[in-house]
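Observations on the three-dimensional arrangement
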Amino acid sequence: MICPDIRSQRTAHDPEARLEEARGLALAIGLVVAESYTVPVRERRPGTLFGEGQVERIRTDCELHAADLVIVDGALSPIQQRNLEEKFKRKVIDRTGLILEIFGERAQTAEGRLQVELAHLDYQQSRLVRSWTHLERQRGGFGFLGGPGETQIEADRRLIRGRMAKLRRELEQVRKTRELHRKRRGRAPWPVIALVGYTNAGKSTLFNRITGAGVMAEDLLFATLDPTMRAISLPGVEKAILSDTVGFISDLPTQLVAAFRATLEEVTAADIILHIRDIANPDTTIQKAEVLSILGDLGVIPEKGGESTIPIIEVWNKWDLLDDERRAELRPLADADPDIVAISAVTGEGMAALFGRLGEMLTKGARLHSMDIPASDGARIAWLYAHGDIVEDRESGEGATGPMRHIAVRLSEKDFGRFAAMES
């Protein structure tokens, strides 16, 4: 595994930390990493990315370790990928190809598989030339007037474009279906809480801790891919929907961002976002910036900064992995900010504080509303008892449909809107 440290493209990520993350990506699909190191690149070579001496060193290491695959933790052009394969006499994939392999293995639902296939075809269509030199042969045209025809590679690209168009139509239908589901949930009385965070921050472990669900949760990058939703109860809130989403990562391939937009749009419909951070990771600040960047792309955070359109609680997870000195350093920061909660999804430390904060946010801004409701309308009366703070409930004489009840109840603005929608 090679991590190119390109001088002109250096980011906040430390090269060694990037290399360790790349190793984690490889381990996530069961690859055995025989050797890994960073390679300084002063100037990108258009044909191979690396210099001749560096290419020879990598080739020698491949021979020494009998490696079958070379992973370059960066972006390779189709020409660079083909040339490196010819020099190494081995299969070469870049970071995008590796992440696509992981997503392809992790996708469980029909929607997830559609998204991965679309991203994979988008990635592959420019790389047909990579090892398919026989595709340059030309087919004959049709009928007597047929010209030289199209090359095999052009035919394959046409087929890929046709398949991609079909997948996009299917995903557009998925997007419309999700939108209908969101509207239905909007009319329903249940707020939605979305978990977001860098991959391996502990979202699925926290999801399991809160819901008791059996979502796959391992110390692997992208351990889960398909979104999962479960009903939970919170202080003052009888029922809420908790949604687990795909983990974010630096340099997430543009093909995947586009393909998974339908899934990520679930975040934009949430009432509260829980941003799960691996506070024990040395790169936690950089990872936070990556997550906020993607939330910005989704329109949750304004482009020019400012407050999020959806309330965000930072959940500092893996608190149990910190030593006493680091805890003492971070605890005052967490205590001083009401939108930060320190927890351990493994041990359960801090969970009561998280539940309390969520309940407080979902019920704040409640106002007193007085209304007369037919005594026979048990469904709406029960809804008010479940989602509001009943101050008064008494008989109020006869109405057009029979006995009436006068109810005074404190409801949040959103819950009052939901209750009003039940009438229409």
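We now turn to the structure provided with this report. Everything quoted here is computed from the prediction, not taken from an experiment.

1. A short note on the overall build of the chain
- Scanning the chain from terminus to terminus reveals 14 helices and 13 strands.
- With 424 residues in all, the chain has 47% of them scored as buried.
- Once local pairs closer than 6 in sequence are excluded, the contacts in the chain between residues at least 24 apart make up 66%.
- A total accessible area of about 21,400 Å² is found for the chain, and carbon and sulfur atoms account for 51% of it.

2. Considering the packing of helix α4 (residues 95–106) against helix α5 (residues 110–124)
- The geometry of α4 relative to α5 is characterised by a closest axis approach of 10 Å and an angle of 155 degrees between their N-to-C directions. Taken together, α4 and α5 sit at an angle that is classed as roughly antiparallel. For the crossing formed where α4 meets α5, the hand is left-handed. Facing α4, whose interface residues are Thr-96, Gly-97, Leu-100, Phe-103 and Gly-104, α5 presents Val-116, Ala-119, His-120 and Tyr-123.
- In the contact of α4 with α5, the residues fall into five nonpolar, four polar and no charged.

3. Regarding the pairing of strand β6 (residues 228–234)
- Across six bridges, β6 lies against strand β7 (residues 237–244) in antiparallel orientation. Among the inter-strand pairings, Ile-232 is bridged to a residue of β7, identified as Ala-240.
- Between the end of β6 and the start of β7, which pair antiparallel, lie two residues, with Gly-236 showing a positive phi angle near 80 degrees.

The rules behind these values
- Residues numbered from 1 in each chain as written.
- Predicted model: local features only at pLDDT ≥ 70, side-chain atom pairs only at ≥ 80, totals over all residues.
- Heavy atoms only, no water.
- Helix = DSSP H or I, 4+ residues; strand = E, 2+ residues; numbered from the N terminus.
- Buried < 20%, exposed > 50% of the residue type's maximum accessible area, 1.4 Å probe, protein only.
- Contact = heavy atoms within 4.5 Å.
- Areas by Shrake-Rupley, 256 points an atom, 1.4 Å probe, with all protein chains shown as cover.
- Axes fitted to C-alpha atoms, helices over the stretch in contact; angles between N-to-C directions.
- Parallel < 35°, antiparallel > 145°, perpendicular 65-115°, else oblique.
- Left-handed = near helix turned anticlockwise from the far one by under 90°.
- Nonpolar A, V, L, I, M, F, W, Y, C, P; charged D, E, K, R; others polar.
- Pairing = 2+ DSSP bridges.

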